[in-house]
Amino acid sequence: MSLLAIIGLFLSGQKEHAVRYRLPQTDSILAKKKSNKEAIDQYISKYTKSVIILVKVPGKENLVPVKNENWPDEVEYTYNIYKNPAGKIIFIAQIPFSESGDWDIEYKHYFDEQGLTFAFSKEESVFDENVKGGVVREILLNYYDETFKNIRQINRLTDKDYKAIKKRKNGYDFREYKYSIFKNLSSCLNGYWIRHLN
């Protein structure tokens, strides 16, 4: 066997070795991110009344707080914000207003203790009479490491009960709105013009 072939075998073995030891670390990081997201989702479902609601009203730059279900007559976007018991913001959802009511979109940012975005979810629902239950959901879910590198992306189509649909996305009337994924809480607050929270 030539020296070149031996070096090639050694290098390929080094690559396998590096991959073998890198993957469990990535899997461990991803498992922690998934667990953190699940904990925040459970917190939100348990403490629905602790949500801070702000809305973007046409013609106004500053967001308007919604208290005691007193909604303005016109709304462009709704922002749902949750803080943890220590008072840190852990979740912000931006929800465009659907005047027709035949679609729904939510852009959700999840933040860790340092205010870094560790997960982002876009969920859009549209009506379609050809699907069981009459609703199709497009779900995009990203998980990020501490450097905001995407470590896992999940794309799927489901029915209203979150059961997978095997048709193509372009077969449905999804909106193609532009949206932003912010790398941390500070840039998210600035991007959404969220200034003062009680």
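Before reading further, recall that the structure is shown in the block above.
Residues numbered from 1 in each chain as written. Predicted model: local features only at pLDDT ≥ 70, side-chain atom pairs only at ≥ 80, totals over all residues. Heavy atoms only, no water.

Caption draft 1: Inspection of the environment of F174 at higher detail. Position of F174 among the secondary structure elements: in the loop between β8 (150-159) and α2 (185-191). Note on F174: relative accessible area 7%, which makes it buried. With 50 residues separating them along the chain, F174 and E124 place their C-alpha atoms 7.4 Å apart. (Helix = DSSP H or I, 4+ residues; strand = E, 2+ residues; numbered from the N terminus. Buried < 20%, exposed > 50% of the residue type's maximum accessible area, 1.4 Å probe, protein only.)

Caption draft 2: The sheet that holds strand β7 (residues 135-144), seen in detail. The 8 strands are arranged β2-β1-β3-β4-β5-β6-β7-β8 in an open sheet whose pairing can be described as antiparallel. Each end of this open sheet is capped by a strand with a single partner; those strands are β2 (64-65) and β8. Where strand β5 (residues 103-111) meets strand β6 (residues 117-127), 9 bridges bridge the pair, whose relative direction is antiparallel. Within β6, the residue paired with Y107 across the bridge is K122. (Pairing = 2+ DSSP bridges.)

Caption draft 3: Highlighting the packing of aromatic side chains. All told, the structure shown has 11 aromatic pairs when counted by the stated rule. Ring geometry for F120 and Y179: centres 5.7 Å apart, planes at 10 degrees, overall stacked. Of this pair, F120 sits in strand β6 while Y179 sits in the loop between β8 and α2, and the two are 59 residues apart along the sequence. Residue classification places Y179 among the partly exposed residues on the basis of a relative accessible area of 32%. Centroid distance Y144 to F148: 4.3 Å. Interplanar angle 20 degrees. Geometry classified as stacked. The rings of Y77, Y79, F182 and Y192 are connected pair by pair, giving a single aromatic cluster. (Phe/Tyr/Trp six-rings, centres within 6.5 Å; stacked < 30°, edge-to-face > 60°.)

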